[in-house]
Amino acid sequence: FQIAMATVAMTVAQLLAHPGDWMALVRTKRAADRAKRLPQEPCLAFCYGMLNAVSRSFAVVIQQLPEELRDAVCVFYLVLRALDTVEDDMALPQARKLPLLEEFHRYVGDEEFTMEDCGDGHYKELMMEMPKVARVFGNLDKKYRNVILDITKRMGDGMAEFIPKRVESVDDYDQYCHYVAGLVG
């Protein structure tokens, strides 16, 4: 209890020392509260609920975008999160993982595609409910769908390249980072 009170006191002291930070803190809190309000359409509500569950910080930022772009970026994030879940799942044998990574872009709009044996917690739920993401994806403007498919294909291929390959140099590390993080920037 004493440690918690000391932490609170230090936080209050820091905020009092920087009064300009109060407004930023209030704006961030309001944005986080708005991010918890879900759309009425069930598949879109699932997407935003899942976005909140798997990435609170990105969720707040994404939900401040204009509506058309907001929905596209939300779906984009979830698709890449699902792809990353496939790569991260150490229980998936390499013989299954490699083709999944290379072909994942083909499943993005497939309302029948699910993976019940991939991921844990919210990530597993995302993989099981990919048809909801696919439905929202299908409603996006073609220009957004094309970008999502292109980046998903390139990222999946890059991830697959490094599954059997050992990172042995800084160049290898740079290339891997480009695939898993740089492509989305």
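Residues numbered from 1 in each chain as written. Predicted model: local features only at pLDDT ≥ 70, side-chain atom pairs only at ≥ 80, totals over all residues. Heavy atoms only, no water.

Draft legend 1. Representation of the overall build of the protein. When its secondary structure is counted, the protein shows 10 helices and 0 strands. Burial statistics for the protein: of 185 residues in total, 37% are counted as buried. In the protein, 59% of the contacts between residues at least 6 apart in sequence involve partners at least 24 apart. Accessible surface, the protein: about 11200 Å² in total, of which carbon and sulfur atoms supply 57%. (Helix = DSSP H or I, 4+ residues; strand = E, 2+ residues; numbered from the N terminus. Buried < 20%, exposed > 50% of the residue type's maximum accessible area, 1.4 Å probe, protein only. Contact = heavy atoms within 4.5 Å. Areas by Shrake-Rupley, 256 points an atom, 1.4 Å probe, with all protein chains shown as cover.)

Draft legend 2. Summary view of the pattern of salt bridges. In this structure the tally under the stated criterion is 10 salt bridges. Notably, a salt bridge pairs Asp117 with Arg96, separated by 2.5 Å at the nearest N-O pair. Taken together, the residues span a long stretch of sequence, with Asp117 in the loop between α6 (94–107) and α7 (121–128) and Arg96 in helix α6 at a distance of 21 residues. For Asp117, a relative accessible area of 43% gives the class partly exposed. (Salt bridge = Lys/Arg side-chain N within 4 Å of Asp/Glu carboxyl O.)

Draft legend 3. Local environment of the layout of surface pockets. Its boundaries defined by the atoms lining it, the largest pocket holds a volume of some 360 Å³. Around the largest pocket, the lining comprises 13 residues; the ones closest to its centre are Phe58, Phe76, Tyr77, Leu80 and Val184. When residues of the lining of the largest pocket are traced back to their parent elements, those giving at least two are α4 (56–62), α5 (67–88) and α9 (142–162). Per element, the largest residue contribution to the lining of the largest pocket is 6 residues, and it comes from α5. (1 Å grid on protein atoms, 1.4 Å probe; cavity = no way out; pocket = protein on both sides within 12 Å on 5 of 7 lines; lining within 4 Å. Points joined across faces, edges and corners; volume = space filled by probe spheres on them.)

Draft legend 4. Geometry of the environment of Lys143. For Lys143, the position within the fold is in helix α9. Here Lys143 falls in the partly exposed class, since its relative accessible area comes to 46%. Through-space distance from the C-alpha of Lys143 to that of Ala72 is 9.8 Å; in sequence the pair is 71 residues apart.

Draft legend 5. Structural detail: the packing of α5 against α6. Viewed as axis vectors pointing N to C, α5 and α6 meet at an angle of 165°, and their least axial separation amounts to 9 Å. Put simply, α5 runs roughly antiparallel to α6. As for the relative orientation of α5 and α6, their crossing is left-handed in sense. Where α5 abuts α6, its residues Val79, Ala82, Leu83, Val86, Glu87 and Asp88 lie against Lys97, Leu100, Leu101 and Phe104. (Axes fitted to C-alpha atoms, helices over the stretch in contact; angles between N-to-C directions. Parallel < 35°, antiparallel > 145°, perpendicular 65-115°, else oblique. Left-handed = near helix turned anticlockwise from the far one by under 90°.)

Draft legend 6. How the structure looks around the nonpolar core. In this structure, Val86, Phe104 and Val133 are the most contacted members of the largest nonpolar core, which totals 45 residues. Within the residue set of this core, elements represented by two or more residues are α3 (42–54), α4, α5, α6, α7, α8 (130–139) and α9. It is α5 that contributes the most residues to this core, 10 residues altogether. Aside from chain neighbours lying at most four places away, what touches Phe104 is Val79, Ala82, Leu83, Val86, Phe113, Met127, Met130 and Thr152. (Core = buried A, V, L, I, M, F, W, Y, C linked by side-chain atoms within 4.5 Å.)

Draft legend 7. Molecular detail of the packing of α5 against α9. Packing of α5 against α9 leaves a shortest axis separation of 10 Å and a crossing angle of 20°. Overall, the two elements α5 and α9 adopt an arrangement that is roughly parallel. α9 is crossed by α5, and the crossing has right-handed handedness. Residues Glu68, Leu69, Ala72, Val75, Phe76, Val79, Leu80, Leu83, Asp84 and Glu87 of α5 touch α9, and the partners they reach there are Lys143, Tyr144, Ile148, Ile151, Thr152, Met155, Gly156 and Met159. Considering only residue class, the contact of α5 with α9 consists of 12 nonpolar, 2 polar and 4 charged. (Nonpolar A, V, L, I, M, F, W, Y, C, P; charged D, E, K, R; others polar.)

By themselves these figures say nothing about function.
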